[in-house]
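Spelled out from the first residue to the last, the chains are:
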Amino acid sequence: MDFASTLANAANSANPGSDTVAVMYLGYDAPNNLAYASGPGFAARGAEGLADFTTGLEATNQDAPNITNIGHRYGAVAVAQADQYGSGSSADSVVLIGAPGPGEGIDHANDFRVGEDNVYVLNTDEDPINAAGIAGIHGSDVTDPSFGATRLDAGEGQHMSYFDPQSDAFGNLVEVITGNAQNATPHQ
């Protein structure tokens, strides 16, 4: 929960006058071991709930909110799949962090309903999860330039380094959620 409040505070500081709120969606059961994590079932169930949740957020706000769905590790698969569920989530952009892939039915960033230009990837080069993407365990390798997402500089580190407020990844995440993705640093 600290991450959500830290992210919202950083976004509001970076964009004075904005009213950014961060919600940590915990409405699904994540897999508890690698055998379960290698399959699509948990992500599919999580995607349904997340898509319904973001659609509800949009429906209950008089001003159309700018919604960025952010997923880490297996949660990135659920976020990608939420974009595909039913009529899709109401997200305006998607950020896949330390992602093993986007899951079934997504071969390219242009397969996302949010549009190719609104799909961002934050994976460090050192992150062992990249092996899952290369192996295709959850579909396409989101770090491959041919996937078509905007890969942003995630700095160095692994697993939880993305959430360090001093990291390049965190700074780029703030740029995306405040609608300033053009100011984010691309991956080199």
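Preceding this paragraph is the structure being described.
Comments concerning the sheet that holds strand S1 (residues 68–72)
Part 1 of the argument: Read from one edge of the open sheet, four strands run S1-S2-S3-S4, paired in parallel fashion. If you trace the sheet from one side to the other, it starts and ends with S1 and strand S4 (150–151), each paired once.
Part 2 of the argument: As paired elements, S1 and strand S2 (residues 93–97) share five bridges and run parallel to each other. Paired with Ile-70 across the two strands is Val-95, which belongs to S2.
Part 3 of the argument: Lying over the sheet, helix H4 (residues 74–84) contacts S1 and S2, oriented at roughly 145° with respect to S1.

A short note on unusual backbone geometry
Part 1 of the argument: Backbone geometry at Arg-73 places phi at a positive 55°, although glycine is not the residue there.
Part 2 of the argument: Here Arg-73 lies in the loop between S1 and H4.

Considering helix H1 (residues 2–14)
Part 1 of the argument: Between its terminal C-alpha atoms H1 stretches 18 Å, which fits the 18 Å expected from 13 residues at 1.5 Å a residue.
Part 2 of the argument: Residues Phe-3, Ala-4, Leu-7, Ala-8 and Ala-11 constitute the buried set of H1. Looking down the long axis of H1, one finds its buried residues gathered within 130° of arc, a one-sided arrangement. For H1, the exposed residues set more than 90 degrees away from the buried face come down to Asp-2, Asn-9 and Ser-13.

Definitions and limits used
- Residues numbered from 1 in each chain as written.
- Predicted model: local features only at pLDDT ≥ 70, side-chain atom pairs only at ≥ 80, totals over all residues.
- Heavy atoms only, no water.
- Pairing = 2+ DSSP bridges.
- Helix = DSSP H or I, 4+ residues; strand = E, 2+ residues; numbered from the N terminus.
- Contact = heavy atoms within 4.5 Å.
- Axes fitted to C-alpha atoms, helices over the stretch in contact; angles between N-to-C directions.
- Expected span 1.5 Å × (residues − 1).
- Buried < 20%, exposed > 50% of the residue type's maximum accessible area, 1.4 Å probe, protein only.
- Arc of directions from axis to C-beta.

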